[in-house]
Amino acid sequence: VGAAYLACFRRLFVGVGSGDLVSIALSTANSRQAVAAALVRLGNYTGALRTVEVGVADLGEYEAVHEGPMGMMGSGLRKVALQKIRGDALRRLGRPDESLAVYRGLLDAIELGTVSAPFGAEDDSQGMRLDLSNDIGAVLHDMGNYEQALASSKRALELCDRVRNGDSKRARIRGNMGNMLKGMGRFKEAMDSYEQALQILRSARTRNMESEGRVLMNMANLSFQRPGMLDDAEAAKMYREAGALARSNNDLYMLARASSALGFLEKSRGRFAAAETLFHESMSAFERIQDGVKDDDELLLSVFEHMQIGPYIGMMVLLRETGRAEEAVLMGDSSKSRALSKLLCGRRRGRL
């Protein structure tokens, strides 16, 4: 869709003078930004990086013609927004050091005044500061630097009152802070942070089912990581709510994770029929996700195959525990089981 949009955009300006064509470079860069962001969401991270590079070149063309402060003000924040997407793609490609350097460089440029917002767009500058502070916290969390991550997220939280849509951003930050506190072993504070995020999301005028489901999953997962934090019935209720939101939102990834987690919980409670249904639902969702991934995208295929190990093994154990050993053997002899066993063995060797 993004490529078609850009092609139509170019055709619209065929025959326009070169000066006018350069003047529309800002709009072209906006288009590239939208395409790059969509590519990140679709998992095409290398494509996003290439699109960002071309978008930055478009802005350089604009700056070359519109010299001076006004030209820089017109393109500065757009260039930051494009480069931020570069940081997002690098993070998802497993290159946290590079991603962190991008985010920190952009934040420094804004805070030192190297990049300034046009008159009337100061809120955009504050919003970018907020997003970059939150992104820095997320990368530091990925790297295991929980104290620094938490400090960065707290800075982002302070900026929420200065921007439009501050509540929606506050919910996301609170959710991230819950993950950081959980990583630090501060489980009670983590639960409090998740509960604040959930309260904000549920009081919003427009419901964000994806974010709400993610927070519910994180809250329920604490019951495994910190026994006694929630009883099984509370955790099961949260997993069911997350699964229901995923079905309503057609979010297969969330559905697969929620169904798998609830399946293990139901199995531990002796509710084998319910667990079997949930494991089947999880495996089916993962397979539907894989069907939508291109065969040459080995990274994404590998990620989803690794995730599918959980419900697959859960199902095999359930069959053995319920006296259906022959079905478990047949399942273990399948080509899918051999592929997943190979992945699991590889993961164990990696740890050793």
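What comes next is a walk through the structure. Just so we're clear, the structure is a prediction, and the values are computed from it rather than from any experiment. (Residues numbered from 1 in each chain as written. Predicted model: local features only at pLDDT ≥ 70, side-chain atom pairs only at ≥ 80, totals over all residues. Heavy atoms only, no water.)

Turning our eyes to something else, we now look at the nonpolar core. Counting residues in each nonpolar core, the largest one holds 73 residues, and the members touching the most others are Leu130, Leu132, Ile173, Val215, Met219 and Tyr239. Dropping the residues within four chain positions of it, Met219 is found in contact with Met191, Tyr194, Glu195, Leu198, Leu230 and Met238. Listed in part, the 10 residues of the second largest apolar core include Ala275, Phe279, Met316 and Ala328. (Core = buried A, V, L, I, M, F, W, Y, C linked by side-chain atoms within 4.5 Å. Buried < 20%, exposed > 50% of the residue type's maximum accessible area, 1.4 Å probe, protein only. Contact = heavy atoms within 4.5 Å.)

A few words now on the packing of helix 9 (residues 166–183) against helix 10 (residues 187–203). Direction vectors running N to C along helix 9 and helix 10 enclose 160°, while the axes themselves pass 8 Å from each other. Relative to helix 10, the element helix 9 is oriented roughly antiparallel. Every pair of crossing elements has a handedness; the one defined by helix 9 and helix 10 is left-handed. Along its contact with helix 9, which presents Asp167, Arg170, Ala171, Arg174, Gly175, Met177, Gly178, Asn179, Leu181 and Lys182, the element helix 10 presents Phe187, Glu189, Ala190, Ser193, Tyr194, Gln196, Ala197, Ile200 and Leu201. Of the residues in the contact of helix 9 with helix 10, the class split is 9 nonpolar, 5 polar and 5 charged. (Axes fitted to C-alpha atoms, helices over the stretch in contact; angles between N-to-C directions. Helix = DSSP H or I, 4+ residues; strand = E, 2+ residues; numbered from the N terminus. Parallel < 35°, antiparallel > 145°, perpendicular 65-115°, else oblique. Left-handed = near helix turned anticlockwise from the far one by under 90°. Nonpolar A, V, L, I, M, F, W, Y, C, P; charged D, E, K, R; others polar.)

The N-to-C vectors of helix 11 (residues 209–225) and helix 12 (residues 232–248) enclose an angle of 155°; their axes lie 8 Å apart at closest approach. Considering the angle they form, helix 11 stands roughly antiparallel to helix 12. Every pair of crossing elements has a handedness; the one defined by helix 11 and helix 12 is left-handed. Along the contact surface, helix 11 presents Met209, Glu212, Gly213, Leu216, Met217, Met219, Ala220, Asn221, Ser223 and Phe224, while helix 12 presents Ala235, Met238, Tyr239, Glu241, Ala242, Leu245 and Ser248.

Moving on: the environment of Asp88. Mapping Asp88 onto the fold places it in helix 5 (residues 69–92). Looking at Asp88, the relative accessible area reads 13%, which means it is buried. Note: C-alpha distance between Asp88 and Arg41 (47 residues apart in sequence) is 9.9 Å. Filtering out sequence-adjacent residues up to four positions away, Asp88 remains in contact with Val40, Tyr103 and Asp135. Polar side-chain contacts of Asp88 include one of 2.4 Å to the side chain of Tyr103. (Polar contact = N/O pair within 3.5 Å; in protein donor to acceptor, adjacent residues only side chain to side chain.)

The backbone of Asn250 sits at a positive phi, close to 55°, despite the residue not being glycine. In this structure, Asn250 sits in the loop between helix 12 and helix 13 (252–268).

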